[in-house]
Structure formats: C-alpha cells, structure tokens
Amino acid sequence: MGIALQQFEYLRKLVRDHSAIVIDHDKQYLAESRLASIAVETSCSSVDDLLVRLRSEPFQAMHGKVLEAMTNNETWFFRDLGPFQALEQQIIPQLLERRARQRKLRFWSAAASSGQEPYSIAMLLHNNFALPNWTYEIHATDISNAILERARLGRYSQMEINRGLPAALLARYFRQQGLHWFIDAGIKQAVTFQLLNLAQPWPAMETYDVVFLRNVLIYFDLDTRRRILANIRKVLQPDGFLILGCAESMLSLDASYERLTFRTTTYYRPKGKEPSHD
Ligand SMILES: C[S@@+](CC[C@H](N)C(=O)[O-])C[C@H]1O[C@@H](n2cnc3c(N)ncnc32)[C@H](O)[C@@H]1O
C-alpha cells in the first residue's frame, strides 16, 4: 500500500525536529522497512496506519521507538582502522609528551552507538599505553537511550565480534558466556556513557584531547554540521584532535580546523595555536 506523502512528511519532520537527521524525499522504502515490525507490534495494519496514529497522539514512548528505528546505529570494532592507527602511532604519542605533567588524557566518542567505538579506544589505550600513574577517561554519548543501554552492557554477539576485533584483543578483553561475549570489566570502567543530542544545546562539558565524531554528521544539514563543529571547537583542547568518519569532510564547513594526515587517514586540529608542551 505504501506510505502516503502526508504521513511520510510527518515522519521526516518528527525525525528532523528531534534529532536533526534529514531523511531524503525518496526514502519511503527505508521507512517501510524500518517501521514494519513496529506496525505489527502495535496492531497497525500498515506503516502508513502507524504514522496516522502517531500523528494523532501527543509524543510518547511509541514516537521514541519510531525515532530509534529511523536512526542508523551501524558500527563495529576498530571501524575503518586508519583512525585507530593514527591514534596509536601519531596522536597519542604526541599527547603523552605534551601532557607529561597532568598525566591525564580525555577522549570523547560523540555518537557512540552500541559502544564498539569507545571500547576500541579503551582497548587500544590499555593494550598499548598502560603507563604508571596515567589516567585515561573515555566519555561516550549518543542520542539514543536504547543503544546506550546496550553499550553499557558491553555484551556482543558473535557477528559483532567478527567485525573488526583482532583475535588477540578478543582473547585478552572478552569472555564468552552462552551465545554472547562480554567485555572486560576494567575496559568497561574506563568508559562513561551519557545521553546527548548533538543537535540541541549541550550541557556544560569538560574539555577533551581527542574527539571522535564519526558517521553522524552525514545525516545532518549543513547548518547543523557547522553548529556542531563550532561547539566541538569549544570543548576540544587547543592542541587536541578531531576525527571524523571516512565519508565526512571539513571541506567548506569550518575553516578554523587544520587538516592533518596519517597515511590515508585525515584528521583535524584547531588552527591558530602552536601545540604547547607543559
Ligand atoms: C552510524 S552510527 C556511528 C557510530 C560510530 N560513531 C561509528 O562511526 O561507528 C550513528 C550514531 O549517531 C547517533 N545519532 C544520530 N543523531 C544524533 C544526534 N542528533 N545526537 C547524537 N547522536 C546522534 C545514532 O543514535 C547512532 O548511534
């Protein structure tokens, strides 16, 4: 039967108002496939019927569920590898020198999804930079409560484990229980999770040495991307680093960041201030 234009436009607005995610005009098929099971669960005869019902009711749990379903949570351990190699071989060694006095590094995974990204950072740090008297803090945020619950649990299926996690790190940091793998308690403890909508005003935040903002900007319009990058600038140390997703570029978005490379990986740091040693 398909989704009537009126309902589809309502869905696009709902998603955009809440999360700033722009759903293209030709993505009805996406809504059909992502919302089909919610329609069945709620005894609606179709996705169109579900949207008609949502339109007629004030915002409640069902709207939240629809928003969650329309969000892409795709992620995997050490996604794209390059940024993690840059982190290990270029970024962290520099920061260890510059923060020799404070002995503390703070990381932010700003669209953390089910936790593979912040846990990859935590494993990389523990496996390669377990230095005496150094503290590493990893803050992980996402707009979705449901996905953060999963991340906090640190529980992954065999399929999730098979995506990107090196065998040596699996052996070192996971234990198997039934059909699932659980991440080591020490790695879990290094990461704090918090609900945060990047597109709405942020709460007061600390500053970070490295921000991972990967595979989320692509869903926003240009103004929203610019606003978020400007906000990141405020919480990023002047000599800190920003890592975007492979398909995301700073080009024509924000001239206050300088582009750096490690092999084929691009990452950024704020312009205008020479890195300081303490
Ligand atoms: C495709 S995943 C990327 C996960 C991880 N950064 C990576 O690259 O593998 C995008 C994540 O962004 C989150 N997200 C979408 N809109 C958001 C917003 N407005 N604020 C914060 N997070 C958002 C989604 O919930 C989802 O978990």
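Just so you know, these numbers come straight off a predicted model, no measurement behind them.

A. Inspection of the domain arrangement of the protein at higher detail. Taken domain by domain, the protein holds domain 1 (5–69) and domain 2 (82–270). Contacts between domain 1 and domain 2 engage eight residues on the former and twelve residues on the latter. Buried area between domain 1 and domain 2, summed over both chains or domains, comes out near 650 Å², and the portion from carbon and sulfur atoms is 49%. Of all residues in domain 1, the largest losses of buried area upon contact with domain 2 belong to His18, Ala20 and Glu68, amounting jointly to 53% of the total for that side. Linking domain 1 to domain 2 there are one salt bridge. One can count four residue pairs in polar contact (both at pLDDT 80 or more) joining domain 1 with domain 2. A total of four residues in the side of domain 1 that touches domain 2 trace back to one element, the largest contributor, which is helix α1 (residues 5–19). Tallied by class, the residues present in the side of domain 1 that touches domain 2 amount to three nonpolar, two polar and three charged.

B. Highlighting the sheet that holds strand β3 (residues 155–157). An order of β3-β5-β4 is seen for the three strands of this open sheet, with the pairing classed as antiparallel. Both edges of this open sheet fall to β3 and β4 (174–177), since each of them pairs with a single strand only. If you compare each strand with its neighbour and ignore which way they point, the axes differ by 35 degrees on average. As paired strands, β3 and strand β5 (residues 180–183) are joined by three bridges and run antiparallel to one another. Across the sheet, the residue bridging to Arg155 is Phe182, located in β5.

C. Structural view of unusual backbone geometry. For Arg103, which is not glycine, the phi torsion reads 55 degrees and is therefore positive. Relative to the helices and strands, Arg103 resides in the loop between α5 (82–98) and β1 (104–109). Looking at Arg103, the relative accessible area reads 34%, which means it is partly exposed. For Ser113, which is not glycine, the phi dihedral falls at a positive 50 degrees. Within the element layout of this structure, Ser113 appears in the loop between β1 and α6 (116–128). The exposure class of Ser113 is buried, given its relative accessible area of 5%.

Calculation notes
- Residues numbered from 1 in each chain as written.
- Predicted model: local features only at pLDDT ≥ 70, side-chain atom pairs only at ≥ 80, totals over all residues.
- Heavy atoms only, no water.
- Domains from an automatic or database assignment.
- Contact = heavy atoms within 4.5 Å.
- Buried area = accessible area lost by both parts, 1.4 Å probe.
- Salt bridge = Lys/Arg side-chain N within 4 Å of Asp/Glu carboxyl O.
- Polar contact = N/O pair within 3.5 Å; in protein donor to acceptor, adjacent residues only side chain to side chain.
- Helix = DSSP H or I, 4+ residues; strand = E, 2+ residues; numbered from the N terminus.
- Nonpolar A, V, L, I, M, F, W, Y, C, P; charged D, E, K, R; others polar.
- Pairing = 2+ DSSP bridges.
- Axes fitted to C-alpha atoms, helices over the stretch in contact; angles between N-to-C directions.
- Buried < 20%, exposed > 50% of the residue type's maximum accessible area, 1.4 Å probe, protein only.

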